[in-house]
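Residue-level structural notes
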Protein chains: 2
Amino acid sequence: MGVTTVSEVEQKARQAREAARLLASAPTGVKNAALLGMADAIVAEKADLLSANAIDVAAAREKGISDALIDRLSLNDKRIEGMAEGLNVVAALPDPIGEVIKGWRRPNGLRIRKVRVPLGVIGIIYESRPNVTADAAALCLKAGNACVLRGGTDAINSNKAIADVLMKAAQSAGVPANAIQLIETTDRAAANELMRMDKYVDALVPRGGVSLARAVAQNATVPVIFDGGGVCHTFVERTANLKMAEEIAYNAKVQRCSVCNAMETLLVDEPVAREFLPKICGRLAEAGVDIRGCDRTRAIYPAANLATDEDWETEYLALILSIKVVSGVDEAIEHITRHGTRHSECIVTQDYNAARKFEDEVDAACVYVNASTRFTDGYEFGFGAEIGISNQKLHARGPMGLEEITTYKYVINGDGQVRS
Amino acid sequence: MGVTTVSEVEQKARQAREAARLLASAPTGVKNAALLGMADAIVAEKADLLSANAIDVAAAREKGISDALIDRLSLNDKRIEGMAEGLNVVAALPDPIGEVIKGWRRPNGLRIRKVRVPLGVIGIIYESRPNVTADAAALCLKAGNACVLRGGTDAINSNKAIADVLMKAAQSAGVPANAIQLIETTDRAAANELMRMDKYVDALVPRGGVSLARAVAQNATVPVIFDGGGVCHTFVERTANLKMAEEIAYNAKVQRCSVCNAMETLLVDEPVAREFLPKICGRLAEAGVDIRGCDRTRAIYPAANLATDEDWETEYLALILSIKVVSGVDEAIEHITRHGTRHSECIVTQDYNAARKFEDEVDAACVYVNASTRFTDGYEFGFGAEIGISNQKLHARGPMGLEEITTYKYVINGDGQVRS
């Protein structure tokens, strides 16, 4: 028999599991003191964080990484203060743990409480954005979870420096050592190993692009809370206030096009297409949007390119929009059902029955009447924080805040009941 | 290119998906009428069901299947009436769909409702127990879900006959055709295919033994709601009312030993071991329980066999019990944390602080003070129905009733809000 070596991932996951047990019953005051201390420490150690980050940025430049990615990787005074501010905000949020979600008494006298408790250990895999290290650690800690962080390779020096500051500050506030773990091994195998640590990790939150999602789908044995893509639609129904529809559609496409809750397809009810399309298309074109329309759209707005079948299923995350003219709410719902990703869908209408039908029949995390799909967001929903946006149906759907990284247990109090 | 053939599993899963869309907004009255009609039809077609079942039973006998399994496979008048009664009970339960779980208004005027909706299509894989066909179909239907049923091979004729009766009765009450689907292909490949139908199936509920669980863990891409095993403990703390402790422990082990919420390990606090162990062990031995104790247990009750390390982690599902003497609540919690399966754990105590500590620190779906672990059950909890008992932490934990086979969506009503 050779010597058994335990990998970094396994060792840290196991340590996190032990810390999680202690953290589960940590008082709110301890958790909040830790978060405030972490915020102070981040600011106090700014110089060290900036020099660690400078190493990452220099290496990334040498590798020829794109300016956009370098921008996401880079820290500066303002971003470090933003990280600290984020920690303070999480400290100020209500503690989700201990809530009695439901409670009742059975005829035999048993008292049953359904109590909110932490999930335990949460694994987070994310891209090379150092601020996520602080953000994810803070959210996990507030909800009583230990975390195992695995950030992008290019940010490794920044992440090590940030995690080191956070861990020390948390520990000196009384949070168990090992409650915040950073995986320092940067190869892909380490990420894959984390996905399979179901013995120690209770849930995995992948935050990244399509290739991470695919790797998780193929490898993970740890239950996953997924951030899915969004092919979101706005349907302008025949009774819509067309000025309102124009504002909503424009906002959903243009205000920030690179995110999952931006509109990718505009559906326009046939009776208003001739009036509505020239206005919205003109405005979108002015904003630089590449418009791809169905035949009926192009008959009205000839400058549009022809949309292909692929367009209806593409999450552009860019200034591109597909437009289809449909014959009423049924065809709109049909199109959304076939091509949507169950993320965020909107109808603009003044008709009670059309609104009601759309609300009932569209199967999506967020169904909007007369508001931009861009509101699908933990902050906009009032959760005060956001772990991500789920478009899976189990556990959590839509914007996820602190509650969504908790579970519950039943506590049953009796005085000798046995089952007959 | 050859001809594309669509498998039975894929075809039925796709049909179920279409039916699910219609079923999601089916009125409660239609669903209840269908359930009552299904109950009547089951009784009316009793003779046909019995003859189909006779074919299965004869074939099973020929294969030399055990008497216990033949018993589970067999139908008779009473069991058929029991199935019908089960359908009537589900009809009488409140409809979980449409509940506004939460609702609030944002400062910008958006009104957000979190509304309970069906999961969509639920795949259920189960062993050769024909009654599960009716039971599972009823629960799925009540919660607005279409179902794809894949029962055990040995029950195929019974299942076909039952499903046929159910489908016809449901349809004549106005439930969409294809809302209840039975996979008739009995090879293992069909079950594996169902586990990977994530395109059409929203959740998988495996109801069966360890080998099914393993196959699901290896193959499933559909999100799983899992029925896990239970290595459940009862801890008799030093202040316990020992008569109460004896009743609770005896009930937890003996009342029905083959189920997941039965006790597998008894932990006894050292100061009361000498008084408690002879009494409980004598009674358990009389009931035929094979007792396996730690050294300290055997010093007090020498008739016990010696427990091995494996015993502490074994779900016996039989009249076998491991017993360990521990030095207080901390060691008890430590043992449970190390060896338990987070299912159901009990402390018997009169001490407020010990109870509170156990409630807080034991990480399990159900934590009991002074009551038998056998109460972990949807009916005993008052859910009126049970899909299974989960010991996963995501989505559903503990006994699962109708609510646990639903999800939610956010419905957001605005009057033109856009994001700035």
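Residues numbered from 1 in each chain as written. Chains lettered and ligands numbered in written order. Predicted model: local features only at pLDDT ≥ 70, side-chain atom pairs only at ≥ 80, totals over all residues.

Points about the overall build of chain A
Here is the rule: Going along the chain from the N terminus, every DSSP run of H or I of four or more residues is numbered as a helix, and every run of E of two or more is numbered as a strand. To get the radius of gyration, use the C-alpha atoms; to get the globule rule, take the number of residues to the power 0.38 and multiply by 2.2 Å. Three exposure classes are used. Buried residues have 20 or more other C-beta atoms within 10 Å of their own C-beta, exposed residues have 12 or fewer, and partly exposed residues fall in between, all C-beta atoms being placed from the backbone. Contact between two residues is assigned when their C-beta atoms, built from the backbone, lie within 7 Å.
What chain A contains, in helices and strands, is 14 helices and 16 strands. Over its C-alpha atoms chain A spans a radius of gyration of 24 Å, differing by no more than 12% from the 22 Å that the globule rule assigns to 420 residues. Once the C-alpha set of chain A is aligned to its principal axes, its extents read approximately 70 × 70 × 45 Å. The buried share of chain A, reckoned over its 420 residues, is 51%. Pairs at least 24 residues apart make up 72% of the contacts formed inside chain A by residues separated by at least 6 positions.

Comments concerning the domain arrangement of chain A
Note the following rule: What counts as a domain boundary in this text is fixed by an automatic or database domain assignment.
If you check the domain split of chain A, you get domain 1 (8–226 + 402–411) and domain 2 (232–375). Using C-alpha coordinates to define each centre, domain 1 of chain A is positioned 37 Å away from domain 2 of chain A.

Observations regarding the confidence of the model for chain A
The cut-off we apply is this: The predictor attaches a confidence to each residue, and that confidence, scored 0 to 100, is pLDDT.
Counting all residues, the mean pLDDT for chain A is 95, and 99% of those residues have values of 70 or more. At the level of chain-chain contacts, confidence expressed as ipTM amounts to 0.93, with global pTM at 0.92.

A closer look at unusual backbone geometry
We note that His-395 of chain A has phi near 70°; this positive angle belongs to a residue other than glycine. For His-395 of chain A, the location among the structural elements is in the loop between β14 (388–390) and β15 (398–400).

Some thoughts on the pairing of strand β13 (residues 366–371) of chain A
All names here are of chain A. Just so we agree on the cut-off: Between any two strands, pairing holds if DSSP finds at least two bridges.
With six of six residues buried, β13 lies mostly within the body of the structure. Pairing geometry for strand β12 (residues 344–348) and β13, over four bridges, is parallel. Residue pairing across strands places Ser-344 opposite Cys-366, the latter belonging to β13.

Some words on the relation of the copies chain A and chain B
Just so we agree on the cut-off: A least-squares superposition brings the copies together, and it is based on the C-alpha atoms of residues with pLDDT no lower than 70 in both.
Here chain A sits on chain B after a turn of 180° about the axis and a move of 0.0 Å along it, with an RMSD of 0.1 Å. Interpreted geometrically, this transformation is the action of a two-fold axis. Relative to the rotation axis, the closest C-alpha in chain A is found at His-395 of chain A, a distance of 1.8 Å. By residue overlap, the copies meet face to face through one surface: 98% of the interface positions of chain A are interface positions in chain B.

Quick word on the interface of chain A and chain B
We count it as follows: Three classes are used, and their members are as follows: Ala, Val, Leu, Ile, Met, Phe, Trp, Tyr, Cys and Pro are nonpolar, Asp, Glu, Lys and Arg are charged, and the others, Gly among them, are polar.
Each partner contributes to the interface: chain A provides 56 residues, whereas chain B provides 55 residues. For the side of chain A that touches chain B, the elements supplying multiple residues, two or more each, are α10 (242–254), α14 (352–361), β13 and β16 (406–417) of chain A. Ranked by residues supplied to the side of chain A that touches chain B, first place goes to β16 of chain A with eleven residues. Along the lines of polarity and charge, the residues of the side of chain A that touches chain B split into 24 nonpolar, 17 polar and 15 charged. In this sheet, strand β16 (residues 406–417) of chain B lies alongside β13 of chain A in parallel orientation, the contact comprising five bridges. Considered in β16 of chain B, the bridge of Val-367 of chain A is made with Val-411 of chain B.

Topic: the sheet that holds β16 of chain A
Our working rule: Every axis in this analysis is a line fitted to C-alpha atoms, fitted for helices over the stretch in contact. Angles between the N-to-C directions lie between 0 and 180 degrees.
In space, the ten strands of this open sheet follow the order β1(A)-β2(A)-β16(A)-β13(B)-β12(B)-β7(B)-β8(B)-β11(B)-β9(B)-β10(B), with mixed pairing throughout. Each edge of the open sheet carries a strand with a single partner, namely β1 (100–105) of chain A together with β10 (305–306) of chain B. Examined bridge by bridge, strand β9 (residues 290–293) of chain B and β10 of chain B share two bridges and lie parallel to one another. Note that in β10 of chain B the partner of Arg-292 of chain B across the bridge is Asn-305 of chain B. Sheet strands in contact with helix α11 (residues 270–286) of chain B are β7 (232–236), β8 (263–269), β9 and β11 (320–326) of chain B, and its direction is about 145° off that of β8 of chain B.

What about the sheet that holds strand β5 (residues 180–182) of chain B?
Residue and element names in this part refer to chain B. Strand order across the open sheet formed by four strands is β5-β4-β3-β6, with parallel pairing between neighbours. Two strands in the sheet have a free side with no partner beyond their single neighbour: β5 and β6 (203–207). The average angle at which neighbouring strand axes cross in this sheet is 20°, direction not considered. Looking at chain direction, strand β4 (residues 146–150) and β5 are connected through three bridges and run parallel. Bridge pairing links Val-148 to Gln-181 in β5. Strands in contact with helix α8 (residues 188–195) are β3 (121–126), β4 and β6; relative to β4, the strand with the most contacts, it is inclined by about 150°.

A few points about the environment of Asn-391 of chain B
Residues and elements named next belong to chain B. Tracing the chain through its elements places Asn-391 in the loop between β14 (388–390) and β15 (398–400). According to the C-beta neighbour criterion, Asn-391 is buried, with 22 such atoms within 10 Å. A sequence separation of 161 residues divides Asn-391 from Gly-230, and the C-alpha atoms of the two residues are 8.2 Å apart. Aside from chain neighbours lying at most four places away, what touches Asn-391 is Gly-228, Gly-230, Thr-341, Arg-342, His-343 and Ala-365.

Side note on the packing of α10 of chain A against helix α11 (residues 270–286) of chain A
Residues and elements named next belong to chain A. Quick reminder of the rule: For this classification, under 35 degrees means roughly parallel, over 145 means roughly antiparallel, 65 to 115 means roughly perpendicular, and everything else is oblique. What makes a crossing left-handed is the near helix being turned counterclockwise from the far one by less than a right angle; a clockwise turn instead makes it right-handed.
Taken N-terminus to C-terminus, the directions of α10 and α11 make an angle of 40°; their axes are 10 Å apart at the nearest point. Judged by the inter-axis angle, α10 sits oblique to α11. The interaxial crossing formed by α10 with α11 has right-handed handedness. Counted together, Leu-242, Ala-245, Glu-246, Ala-249, Tyr-250, Lys-253 and Val-254 of α10 and Val-272, Glu-275, Phe-276, Lys-279, Ile-280, Arg-283 and Leu-284 of α11 form the full contact between these two elements. Residue classes in the contact of α10 with α11 are distributed as nine nonpolar, no polar and five charged.

Digging into α8 of chain B
Residues and elements named next belong to chain B. Threshold: The reported arc concerns the directions from the helix axis to the C-beta atoms and nothing else.
Every buried residue belonging to α8 is among Ala-191, Leu-194 and Met-195, and all of these are buried. Taken around the axis of α8, the buried residues stretch over an arc of 105°, which confines them to a single face. Where α8 is buried, its residues contact α1 (8–23), β3, β4, β6 and α9 (210–219).

Observations concerning the pairing of strand β9 (residues 290–293) of chain A
Residues and elements named next belong to chain A. Note the cut-off: Orient the strands so they point away from the viewer, and a crossover whose first-strand-to-second-strand path over the helix runs clockwise is right-handed.
Sheet analysis places β9 next to strand β11 (residues 320–326), joined by four bridges and oriented parallel. Paired with Gly-293 across the strands is Ile-323, a residue of β11. For the crossover from β9 across helix α12 (residues 295–300) to strand β10 (residues 305–306), the handedness is right-handed.

Concerning helix α10 (residues 242–254) of chain B
Selection criterion: Multiplying 1.5 Å by the helix residue count minus one yields the expected span of that helix.
In this model, α10 of chain B (13 residues) spans 18 Å end to end at C-alpha, consistent with the 18 Å of a helix rising 1.5 Å per residue. The complete set of buried residues in α10 of chain B reads Met-244, Ala-245, Ile-248, Ala-249, Tyr-250, Asn-251, Ala-252 and Lys-253 of chain B.

Observations concerning the environment of Val-254 of chain B
Residues and elements named next belong to chain B. The residue Val-254 is located in helix α10 in this model. Taking the C-alpha atoms as reference points, Val-254 and Leu-319, separated by 65 residues in sequence, lie 7.0 Å from one another. In this view, Val-254 contacts Leu-284, Ala-287 and Val-289; residues no more than four positions away in its chain are not counted.

A word on the environment of Arg-150 of chain A
Residues and elements named next belong to chain A. Examined against the element boundaries, Arg-150 turns out to sit in strand β4 (residues 146–150). Since 26 C-beta atoms lie within 10 Å of it, Arg-150 is described here as buried. In sequence terms Arg-150 and Gly-123 are 27 residues apart; their C-alpha atoms lie 7.7 Å from each other. When sequence neighbours within four positions are dropped, the list of residues in contact with Arg-150 reads Ile-124, Ile-125, Ile-183, Ala-190, Ala-191 and Leu-194.

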